[in-house]
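If you want the building blocks of each chain, they are given just below.
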Amino acid sequence: MTRMHFLRRVAIVTVTLGVVAAGLVEVADPVTAGAATNGSWSVTSTPADVRAVHVTLLRTGKVLLVAGSGNNQGNFDAGSFETSIWDPATGNLKAVATPWDAFCSGHVMLPDGRILIAGGTSAYQSPATNNNHAGSKKSYIFDPATEQYQAVSNMHLARWYPTLTELGDGRVLALGGLDEHGDYTSQFETFKGTRWSTPAPGPSNYVWQPMYPALHQMRDGRLFYSGVNTFGGNAAEVPPGMWDVNTGAYTNVPGLTNDTLRDQGASVMLPPAQSQRVMVMGGGDHSHDVGAVASTAIADLKAPSPAFVPGPSMDAAKMYVSAVVLPDSTVLQTGGGAKSVVFSGAPVLSTQIYNP
């Protein structure tokens, strides 16, 4: 179960968007860049100074770029861990002292705008870790005001590829990831203030806990797992569904199309959040030589018996796709690959905007 990462140092790229009409519209043509009329890409004059694995827009308008060891064992062995802050207004990059390997941690914005980052890498692949990366228990808060990390209590369980999700009551939940032995974790824990709670069992409907599970908070406080995760897990093993963290109850949500090919896909809660609709986009299979999918699916979580229905297809099949809700209540999907990079999957150079 070897985990592979393919990162490279790149320039920072920004996109300028135009007016959006209803439906899926093309922003950047996959063959002729700049041919689209709904936006344009530009490359900054200064290349990124880190291999950013985690990127967060801060309340200050600056962008936090967290790399840790950057998938470089030499950096890990040397204790050389990196974070940078990019200021889009000036183009300046500022290095931040990074006290642990935050590579493949989880992160979430706290209600006051600080960033909680937990987990990461405690060892690179070796027989002692089942030939996987090993997780870390470390937790830190990044303060945009001081632009420094502050240590908080460690998690009880080490985690590599965990998901951190705000619960709405001041707590943050950590689920998934590999432990310090390179094994799957099976319990969740919550953070509030400066400390983590005692671990408790995760959803019993799962055969195993997925890595980087895509979780969305529902209006009633439950969490919805969309079926998107990293490094595998289909609906038969890890069914999409609604999870009550307090009682443990889990209700499956059926109907996800291409449910064996949502590895490295994306999912977002469509605006407005009050509509309680979640959209899944793209995906593939990191471990097998199969093509990615262009399909999307939407679940209406307000329905008496929620189920996925097919949504509009993207312009191209892609996994490793990114999606983000924009300030005008549309959704940008961008980038990706035609199939797993393990099997030489080619990049997909396309971007679209979806108008809910």
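The present account deals with the structure reproduced in this document. (Residues numbered from 1 in each chain as written. Predicted model: local features only at pLDDT ≥ 70, side-chain atom pairs only at ≥ 80, totals over all residues. Heavy atoms only, no water.)

1. Focus on the packing of aromatic side chains
- Counting across every chain of the model gives 16 aromatic pairs.
- Relative to Tyr140, the ring of Trp100 has its centre 4.3 Å away and its plane inclined at 20°; by these criteria the two rings are stacked. On the criterion of sequence distance, the pair formed by Trp100 in the loop between strand 7 (93-97) and strand 8 (105-109) and Tyr140 in strand 12 (residues 139-143) is long-range, its members being 40 residues apart. The burial state of Trp100 is the same as that of Tyr140; both residues are buried.
- Here the aromatic residues Phe76, Phe81, Phe103 and Tyr124 are joined through ring pairs into a cluster of three or more. (Phe/Tyr/Trp six-rings, centres within 6.5 Å; stacked < 30°, edge-to-face > 60°. Helix = DSSP H or I, 4+ residues; strand = E, 2+ residues; numbered from the N terminus. Buried < 20%, exposed > 50% of the residue type's maximum accessible area, 1.4 Å probe, protein only.)

2. Section: the sheet that holds strand 13 (residues 148-151)
- Ordered in space as 8-9-12-13, the four strands form an open sheet in which the pairing is antiparallel. In this open sheet, the two edge strands, each paired with only one partner strand, are strand 8 and strand 13. Strand after strand, the sheet turns through a mean of 25° between neighbouring axes, direction not considered.
- In terms of strand pairing, strand 8 meets strand 9 (residues 115-119) through five bridges, oriented antiparallel. Bridging across to strand 9, Ser105 finds its partner in Gly119. (Pairing = 2+ DSSP bridges. Axes fitted to C-alpha atoms, helices over the stretch in contact; angles between N-to-C directions.)

3. A few points about the nonpolar core
- Core analysis: the largest hydrophobic core is formed by 14 residues, its most contacted members being Phe224, Met242, Val253, Ala299, Leu301 and Phe308.
- Breaking this core down by element, the ones donating at least two residues are strand 24 (277-281) and strand 25 (296-300).
- If sequence neighbours within four positions are ignored, Met242 has contacts with Met218, Arg222, Leu223, Phe224, Ala249, Tyr250, Thr251, Val253, Leu301 and Pro306.
- Core analysis: the second largest hydrophobic core is formed by 13 residues, Leu167, Tyr206, Trp208 and Val245 among them. (Core = buried A, V, L, I, M, F, W, Y, C linked by side-chain atoms within 4.5 Å. Contact = heavy atoms within 4.5 Å.)

4. So, the side chain of Asp263
- With respect to the helices and strands, Asp263 occurs in the loop between strand 22 (250-252) and strand 23 (266-269).
- Ignoring any residue separated from it by four or fewer positions in sequence, one finds Asp263 in contact with Asn229, Thr230, Phe231, Gly232, Gly283, Gly284, Asp285, His286 and Met319.

5. Comments concerning the side chain of Ser340
- Within the fold, Ser340 resides in the loop between strand 28 (331-334) and strand 29 (351-355).
- Its relative accessible area of 0% is what places Ser340 among the buried residues.
- Ignoring sequence-local partners within four residues, the contact set of Ser340 consists of Asp285, His286, His288, Met319, Tyr320 and Gly345.

6. Here's the deal with the pattern of salt bridges
- Evaluation of the coordinates by the stated rule reveals eight salt bridges.
- Note that Asp112 is salt-bridged to Arg114, the shortest N-O span being 2.8 Å.
- Note on Arg114: relative accessible area 22%, which makes it partly exposed.
- Taken together, the salt bridges that share partners define one network made up of Lys62, Lys94 and Glu147. (Salt bridge = Lys/Arg side-chain N within 4 Å of Asp/Glu carboxyl O.)

7. Some words on unusual backbone geometry
- Across the junction of Pro271 and Pro272, the peptide omega takes the value -5°, indicating a cis bond.
- Along the chain, Pro272 turns up in the loop between strand 23 and strand 24.
- A positive phi angle, near 60°, is found at Asn71, a position not held by glycine.
- Mapped onto the elements of the fold, Asn71 is located in the loop between strand 5 (63-68) and helix 1 (73-78).

8. Digging into the pairing of strand 9
- Extensive coverage of strand 9 is indicated by the burial of five of its five residues.
- What sits between the antiparallel neighbours strand 8 and strand 9 is a turn of five residues, in which Gly113 has the positive phi angle 95°.

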